[in-house]
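Structure assessment
Okay, here's what each chain looks like letter by letter:
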Amino acid sequence: MKKLTVRDLVLCALMAALLAVCAWISFPVLEIAYTLQTFGVFFALLVLGGARGTLAILVYILLGAVGLPVFTGFRGGIDALLGVTGGYILGFLFTGLVYWLVTGWLGRKLWVKILALVLGLVVCYAFGSGWFLTVYFRNGKSIGVWALLMKCVIPYLPADAIKMALALVLAPRVAKAVKA
């Protein structure tokens, strides 16, 4: 990764702020709320690229970890990260790392970006669902694999596909405007 400029840091901060706004837009229909956070992750990565996009995600997570109310429901702090949805928040960082790795190896063609986002989302789902399962068991509850998928993954697939498509359409225009 090249040396970060002040401009890079400002763009990362703006994307971290966008992630917070995307978290605040939520629909608590299920145990895990529908939010726009994955849109924010996809958008940050597509606009800023793998390195700076991942840095923006890390800044967002660190802001929440120190207590700023940037997570869904205006929550913040380590408790939010240790709850049932904390694994998905940390999974966003893995999405960024996967995107950075895949686009670093294969380039930045559209099909590569889509592949990188899909693989990153799969890793995020896996990490988040594993975390959810751990917290669930720790609280004395049990759940099967199919029930876990029905609670943590399958209901979110259509919305995440739409958010990914929207980010793929909007990000090139924004990236061109900010010359990211």
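Going by the structure above, here's the rest.
Attention in this report is confined to the structure presented alongside it.

The next thing to look at is the overall build of the chain. Secondary structure summary: the chain contains seven helices and two strands in total. For the chain, the N- to C-terminal ordering of α and β elements is α-β-β-α-α-α-α-α-α. Here the C-alpha radius of gyration of the chain, 16 Å, is about what a compact globule of 180 residues would show, namely 16 Å. Projected onto the principal axes, the alpha-carbon positions of the chain cover approximately 50 × 35 × 25 Å. Residues classed as buried in the chain amount to 45% of the 180 residues present. Counting contacts in the chain only where the partners sit at least 6 residues apart, residues at least 24 apart contribute 67% of the total. Element-wise, carbon and sulfur atoms account for 76% of the exposed surface of the chain, whose accessible area totals about 9100 Å². Side chains of the chain give 15 positive and 4 negative charges; the mean places of these two sets differ by 13 Å.

Once that is clear, we can look at the packing of helix H5 (residues 110-138) against helix H6 (residues 145-152). Relative orientation of the contacting elements H5 and H6 amounts to 115°, with a least axis distance of 11 Å. The handedness of the crossing between H5 and H6 comes out as right-handed. The segment H5 lies against H6, with Tyr 125, Ser 129, Phe 132, Leu 133 and Tyr 136 engaging Leu 148, Lys 151 and Cys 152. Looking at the contact of H5 with H6, its residues break down into six nonpolar, one polar and one charged.

Along its 29 residues, H5 runs 42 Å from first to last C-alpha, staying within 8% of the 42 Å computed at 1.5 Å per residue. With its phi angle positive at about 80°, Gly 140 sits one or two positions after the end of H5.

Cut-offs and rules
- Residues numbered from 1 in each chain as written.
- Predicted model: local features only at pLDDT ≥ 70, side-chain atom pairs only at ≥ 80, totals over all residues.
- Heavy atoms only, no water.
- Helix = DSSP H or I, 4+ residues; strand = E, 2+ residues; numbered from the N terminus.
- Rg over C-alpha atoms; globule rule 2.2 N^0.38 Å.
- Buried < 20%, exposed > 50% of the residue type's maximum accessible area, 1.4 Å probe, protein only.
- Contact = heavy atoms within 4.5 Å.
- Areas by Shrake-Rupley, 256 points an atom, 1.4 Å probe, with all protein chains shown as cover.
- Lys, Arg positive; Asp, Glu negative; His and termini not counted.
- Charge placed at Lys NZ, Arg CZ, Asp CG, Glu CD.
- Axes fitted to C-alpha atoms, helices over the stretch in contact; angles between N-to-C directions.
- Left-handed = near helix turned anticlockwise from the far one by under 90°.
- Nonpolar A, V, L, I, M, F, W, Y, C, P; charged D, E, K, R; others polar.
- Expected span 1.5 Å × (residues − 1).

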